[in-house]
Amino acid sequence: METSKQNWTGKISVATIGATDKEGGTRSSQVTVGGETTLPYLFKEGDIPNAPVIAMEVLDIEPTDWPDALKKPFGDSLKDPVKWAVKCVEEYKAPLISVKLIGTHPDFGNKSAADSGKLIKDILQAVKVPLIILGSGDDEKDNVVLAKASEVSKGERCLIGDATEKNYKTLTASCLADGHNIIGESPIDINIAKQVNILISEMGFPLDRIVINPTIGALGYGMEYAYSIMERARNAALIGDKMLAMPFICLVGQEAWRAKEAKAPSSEHPEWGDEYSRGVLWEIETAVSVLVAGADILVMRHPKAIEEAKKYIDNLMRR
Amino acid sequence: MALSGLEIYKLLPKTNCKKCGFPTCLAFAMQLAAKKVSLDKCPDVTEDAKRALESAAQPPIKLITIGKGDEKLEIGNETVLFRHEEKFYHPTGIGFLLEDTSSEQDLRKALEEIKKLDFERVGQRIKANIIALSCKSKDASKFEAALKVILQGTNLPVALMSDEPPIMEKALEISKDKNPLIYRATSANFKEMAKLSKAFKAPLVASAPTLEELEGLVKNLNAEGVQDIVLDTGEKGIAEKLWDFTQIRRLALKKAFRPFGYPVIAFTKSEEPFQETAEASTYVAKYAGIVVLKNRNPWSTLPILTLRQNIYTDPQKPLQVEAKIYEIGKVSDKSPVLVTTNFSLTYYTVEAEVESSKVPSYIVSCDSEGMSVLTAWAAEKFTAETITKTLKRLGVKDKVSHKEVVIPGYVAVLSGKLEEESGWKVTVGPREASGIPSFLKNLGK
């Protein structure tokens, strides 16, 4: 019978996070993402060599706006980022840890670059999985904080971000010098996504060490914008646009847990049903929406949401 | 499939009579192919030619209607593979599976639960759309009894699930006024099911485990005279379903492949609610016209309905609210005035937080062409000038005895200019809507 198969010529680049002693690092494992030669989960049309991976999020300060359902699985470890990271790896078997240095932001404690450098060093000591390191989003501060973080983790092949159209030079130079991967961020805009990658690569940065952060919204809170940007970028990449052919990283946890549907107590919205399941599922569902659009790395929070998203990924990857 | 000018020409009288206003039949045919004129301009066209042209003018994916009245479900008539190419038109019908082996009491309870799966989100109603009743008992009288309970208890459209034509016939007799969906015709029963579909004018699901077999089955149903069809490729893994649905959509749209020019129905395989929601949502995003679920918790259904709303939003036209003064709570002339944009998501997020603050307030939504605060500011749709104009146009000063307005924290930079332009005192509110309750409670203290 008739079929309608696309002959894709493009391929998503393959990024490897983490360096073992063989590569001059101290990680016990590596995480590899990307390499797709087809649209999400259409195995009959091409290859999806690497399953999407879920990184667990650790913050450098105790979270203040997390609902109890989200705090509970971590207990006291939330007060100590190193213990928190250890718990993620040992108890929840995270293959990848994402450290967000939000506490360096002038509005959230203004921690120094030296403090952050020490924290990254301590986490690298305490856990042996690869690291993602994210700045606070304050350009000036990120330039000193991330430079320091890059320096202290030299050779560990971390994934560090975010570089933006207006602020990419310092971070690109650091990641280049210290052998890391970099995240290029764009505000739900495919042209800027491409532009950021061009700017980074023009500094001599290899394309296969760039990951795209398309800045997603939570389910119900603008998810569809990033969803369509991701679909457009993936289609463009598969027909040969190398400047969009990078794996996607999606900050699922931080977005999903801002949603009212994830946080509101049952007393406020009895019609929405069980509070615990609702919050967890809002995070799972936000993950589902970006996975269908082609996400490669998900940064998530709740262990139960992560467990279920992992199960769903295993199902998707079963061909 | 759309016909070319020459193909249409062959169907015309070829008299060049000019009654259509064109010099020749060929010229008229070319205009028809370009859809610039309609066929009724030709007074001499034969009935056969009309029929041929009409079927060629059919949409690549047929619109199928299930049920009647306000609750009827319309699926199909989609035109693109990706929402960014245009938009998706007919939101996936969310269905719930019930079984005739359940007691009457349990069925009634289930219907009550399904009735509650009806939410309001950013000004739109999102809810359950269809009930699928399975004849698990394989007993016609049990199926009939259960169906009667359903028909009494809900106005939602119904899908009748049995592979046995005699059982289906009895069920159709008592539900024929409701335009139910018949599930299902297979290679084993298609002749009888086709007869029922025609006799009761009810749409029919064609179900086969492979695309090849499905093509054959649909052709057989067409040959029997059935035109209202919904496609089903049976139970399989998520990636396989994605492939099937993608093939069906692509072949219908890209190759005008008629056997697949119908919407599809999906049943979830997972029993466990988290996984079922994830699976169902995948099918909502990727082309299902109907998804039938087993679980019916509000917390497991709301995310699917929300995802459907997101995916089916027109990417060119963000949801907007009317630009006007909204009164939240029992407002007085002392109540605070907050301005924001008319992007639905922005407005409703602000509204929800103002409501939860329990501080009666006015929200002035400015026409920002459906953009959020920061985007609208960057695009110069939410500026000191536009806010000033809106305050004037809506006569906000007549509503309150003060002259103080609160603007979103993200556009704090506007405050000086806005004070100058409008003559109102400007207070900078929080950046995120979540900060509104504490902000309002402390306002004026």
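Look above for the structure.
Residues numbered from 1 in each chain as written. Chains lettered and ligands numbered in written order. Predicted model: local features only at pLDDT ≥ 70, side-chain atom pairs only at ≥ 80, totals over all residues. Heavy atoms only, no water.

Draft legend 1. Just the packing of helix α10 (residues 275–293) of chain A against helix α11 (residues 303–317) of chain A, in detail. Residues and elements named next belong to chain A. Contact geometry of α10 with α11 gives a least axis separation of 9 Å together with a crossing angle of 40 degrees. The chirality of how α10 crosses α11 is right-handed. In contact with Tyr-276, Val-280, Glu-283, Ile-284, Val-288, Leu-291 and Val-292 of α10, α11 contributes Lys-304, Ala-305, Glu-308, Tyr-312 and Ile-313. When the residues that make up the contact of α10 with α11 are grouped by side-chain class, the tally is 9 nonpolar, no polar and 3 charged. (Axes fitted to C-alpha atoms, helices over the stretch in contact; angles between N-to-C directions. Helix = DSSP H or I, 4+ residues; strand = E, 2+ residues; numbered from the N terminus. Left-handed = near helix turned anticlockwise from the far one by under 90°. Contact = heavy atoms within 4.5 Å. Nonpolar A, V, L, I, M, F, W, Y, C, P; charged D, E, K, R; others polar.)

Draft legend 2. Broad picture of the environment of A:Asn181. Residue and element names in this part refer to chain A. You can see Asn-181 is positioned in strand β7 (residues 181–185). Put simply, Asn-181 and Val-252 are 71 residues apart on the chain and 20 Å apart in space, counted from C-alpha to C-alpha. If near-sequence neighbours (up to four positions away) are discounted, Asn-181 is found in contact with Thr-16, Ile-17, Arg-157, Cys-158, Leu-159, Ile-160, Cys-175, Phe-205, Asp-208 and Arg-209.

Draft legend 3. Empty space enclosed by the protein, seen in detail. Tallied over the full model, the rule gives 8 cavities of 30 Å³ or more. At the level of secondary structure, the elements contributing two or more residues to the lining of the largest cavity comprise α7 (223–238) and α10 of chain A together with α9 (238–254) of chain B. Class assignment of the residues belonging to the lining of the largest cavity gives a composition of 9 nonpolar, 2 polar and 4 charged. (1 Å grid on protein atoms, 1.4 Å probe; cavity = no way out; pocket = protein on both sides within 12 Å on 5 of 7 lines; lining within 4 Å. Points joined across faces, edges and corners; volume = space filled by probe spheres on them.)

Draft legend 4. Just the interface of chain A and chain B, in detail. Taken together, the contact between chain A and chain B spans 49 residues of the former and 47 residues of the latter. Buried surface at the junction of chain A and chain B, summed over both partners, amounts to about 4,300 Å²; 64% is from carbon and sulfur atoms. Area buried by chain A at its contact with chain B is led by A:Met1, A:Ser4 and A:Leu281, which between them contribute 15% of it. At the surface where chain A touches chain B, the tally comes to 4 salt bridges. Between B:Arg250 and A:Glu45 there is a salt bridge, and its shortest N-O distance comes to 2.5 Å. Between chain A and chain B we count 16 residue pairs in polar contact (both at pLDDT 80 or more) in total. Broken down by element, the side of chain A that touches chain B gets its largest block of residues, 10 residues, from α10(A). (Buried area = accessible area lost by both parts, 1.4 Å probe. Salt bridge = Lys/Arg side-chain N within 4 Å of Asp/Glu carboxyl O. Polar contact = N/O pair within 3.5 Å; in protein donor to acceptor, adjacent residues only side chain to side chain.)

Draft legend 5. Main features of the side chain of A:Asp178. Residue and element names in this part refer to chain A. Looking at the element boundaries, Asp-178 is found in helix α5 (residues 169–178). The buried category is assigned to Asp-178, whose relative accessible area is 11%. Within polar-contact distance, the side chain of Asp-178 engages the side chain of Ser-150 at 2.5 Å. (Buried < 20%, exposed > 50% of the residue type's maximum accessible area, 1.4 Å probe, protein only.)

Draft legend 6. Quick look at the sheet that holds strand β14 (residues 337–341) of chain B. Residues and elements named next belong to chain B. In spatial order, the strands read β13-β15-β14-β16-β17; together these 5 strands make up an open sheet with mixed pairing. Edge positions in the open sheet fall to β13 (325–328) and β17 (425–428), since each of these has one partner strand only. For this sheet the average axis-to-axis angle between neighbouring strands, irrespective of direction, equals 30 degrees. Taken together, the 5 bridges between β14 and strand β15 (residues 361–366) define a ladder with parallel strand orientation. Looking across to β15, one finds that Thr-340 is bridged to Ser-365. Across the sheet, helix α14 (residues 384–393) touches β14 and β15, and the angle it forms with β15 is around 120 degrees. (Pairing = 2+ DSSP bridges.)

Draft legend 7. Here's a closer look at the side chain of A:Ser77. Residues and elements named next belong to chain A. Mapped onto the secondary structure, Ser-77 falls in the loop between α1 (68–71) and α2 (81–90). Taking relative accessible area as the criterion, Ser-77 reaches 8% and is therefore assigned buried. Within the structure, Ser-77 has its side chain in polar contact with the backbone oxygen of Phe-74 (distance 2.7 Å). Setting aside chain neighbours within four positions, we find Ser-77 in contact with Lys-83, Trp-84 and Lys-87.

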